[in-house]
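# Remarks on the overall topology
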Amino acid sequence: MQRVDLLIHSAAQLVTCASPGGPKRSAALDDVGEIADGAVAVSDGIIVAVGASGDLRAEYCAATEIDAAGTAVCPGFVDPHTHLVFAGDRTREFERKLQGADYMEILQAGGGILSTMRATRAASLPELVLQARILLYEMSRLGTTTVEIKSGYGLDTQSELKILETIAALAGEPYCEVVPTFLGAHAVPPPFLAGSDDYTRLVIDEMLPAVVQWHRQSRLAAQPFFCDVFCEPGAFDYAQTTAILTAAQAQGMPLKLHADEFVAQGGVDLAVELGATSVDHLDVTPPAACLHLAASPTMAVVLPAVNFHLGSSRFANARALIEAGAAMALATDANPGSAPCLSQPLVMAIACRYQKLRPAEALNAITINAACALGLGDRIGSLEVGKQADLLLLKAPDYRHLAYWFGRNLVAQTIKRGNLV
């Protein structure tokens, strides 16, 4: 018999979300790769076998065995869009929103992102690390094993670097790995004037070279390092977005893009043309742009917790994206203003109810497709031989309970790189 480090066996249901050819699309998104009485064998943090329990127990003996009888086993969740590093809170703005104030109205009055900017600039690095570590641990308890974290609440070079240092400090946590994104183009801060190109030039000429150099010397140098832009009226227009993303691409950075949350400015078409890894939000994306996106390798990342938190009845047309053939992922957009949400299962629940996803589609969207939205689909996001052993044991015999329940944590055990968390 072959000896391995870990053997999980007798799962009532093992779902692999396997997709060796890349992200799942169309009908494939409705297939989670169920194995009844399933098992997975792990050595050195890597999956070495997946299959029926009888077969694997006959072939492998393990230093640690877990009898998963009565549980479902699935890949660890991947969250490809968060703003997890910040200081302060926006509870007063929450009350204003409940009374009818909209997102852009609050931003233009100096609140929103700019409110968090002021608190984040004032916070020390240890303070930011402590709060972000607490939130990251909460995400891990809810099943997330890999998370993208953006900068963007500093909005000057020194503060953006402080946020990136905070993200790097989280890289040492054993329960969840992090992927950094530079979002210096999140909003236009004072004293710059909204609509002016002066801040855009600062992002291109000063911030981008500084953050690229930081990444090369950081403990996250082996991870992708994305550049993102918030392409919306009052933030960055099409021309400014194009200039920033083109400059970042010239520096070797892969791209992401916030687009079509409130107004369609051509951001989806731009993301496709530039070969962005993902384009995110898509609440008001026109049908023609959906088709353009579906015909490309760019991932569509939908953020239903935002719409839910804002009390909106308008959600991204995820059903249309899937039927057009787009590769779609889901994310929390965890942030203090528009999505104070750490739970990918809650995102699943919202997407199934308001965007008509089926549970299988939603699970694939927070595992293999979410991994592809970070350019990491060849390493994480599914239970396949050769991939990192990031997986979950659930307090339920069927993965569909993840979308069926809401406000309940069904994660019984998180395993990261083959280690029990």
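Below: a short report on this structure. (Residues numbered from 1 in each chain as written. Predicted model: local features only at pLDDT ≥ 70, side-chain atom pairs only at ≥ 80, totals over all residues. Heavy atoms only, no water.)

### What about the pattern of salt bridges?
Taken as a whole, this structure holds 15 salt bridges when the rule is applied. For the salt bridge of Asp30 with Arg358, the shortest nitrogen-to-oxygen distance reads 3.2 Å. Note that Asp30 is positioned in the loop between β1 (2-15) and β2 (34-43) and Arg358 in the loop between α13 (344-354) and α14 (359-365), a separation of 328 residues in sequence. Under the relative-accessibility criterion, Asp30 is labelled partly exposed at 35%. (Salt bridge = Lys/Arg side-chain N within 4 Å of Asp/Glu carboxyl O. Helix = DSSP H or I, 4+ residues; strand = E, 2+ residues; numbered from the N terminus. Buried < 20%, exposed > 50% of the residue type's maximum accessible area, 1.4 Å probe, protein only.)

### Focus on the packing of aromatic side chains
If you walk through the whole model with that rule in mind, you get 6 aromatic pairs. On the basis of an interplanar angle of 75 degrees and a centroid distance of 5.3 Å, the ring pair of Tyr137 and Tyr175 is categorised as edge-to-face. Taken together, the residues span a long stretch of sequence, with Tyr137 in helix α5 (residues 125-141) and Tyr175 in the loop between α6 (157-169) and β8 (177-185) at a distance of 38 residues. These aromatic residues form a ring-pair network of at least three members: Phe192, Tyr199 and Phe236. Directly above the aromatic system of Phe226 lies the positively charged group of Lys256, at a separation of 5.0 Å from the ring centroid. Its end group placed over the ring of Trp405, Arg408 keeps NZ or CZ at 4.5 Å from the ring centre. (Phe/Tyr/Trp six-rings, centres within 6.5 Å; stacked < 30°, edge-to-face > 60°. Lys NZ or Arg CZ within 6 Å of the ring centre and 35° of its normal.)

### Observations regarding the sheet that holds strand β7 (residues 144-150)
An order of β6-β7-β8-β9-β10-β11-β12-β13 is seen for the 8 strands of this open sheet, with the pairing classed as parallel. Bordering the open sheet on either side are β6 (77-79) and β13 (328-330), each of which pairs with just one other strand. Averaged over all neighbouring strand pairs, the angle between strand axes comes to 25 degrees, with direction disregarded. Here strand β10 (residues 256-259) runs beside strand β11 (residues 278-281); their pairing, made up of 4 bridges, is parallel. Bridging from a neighbouring strand, His258 pairs with Asp280 of β11. (Pairing = 2+ DSSP bridges. Axes fitted to C-alpha atoms, helices over the stretch in contact; angles between N-to-C directions.)

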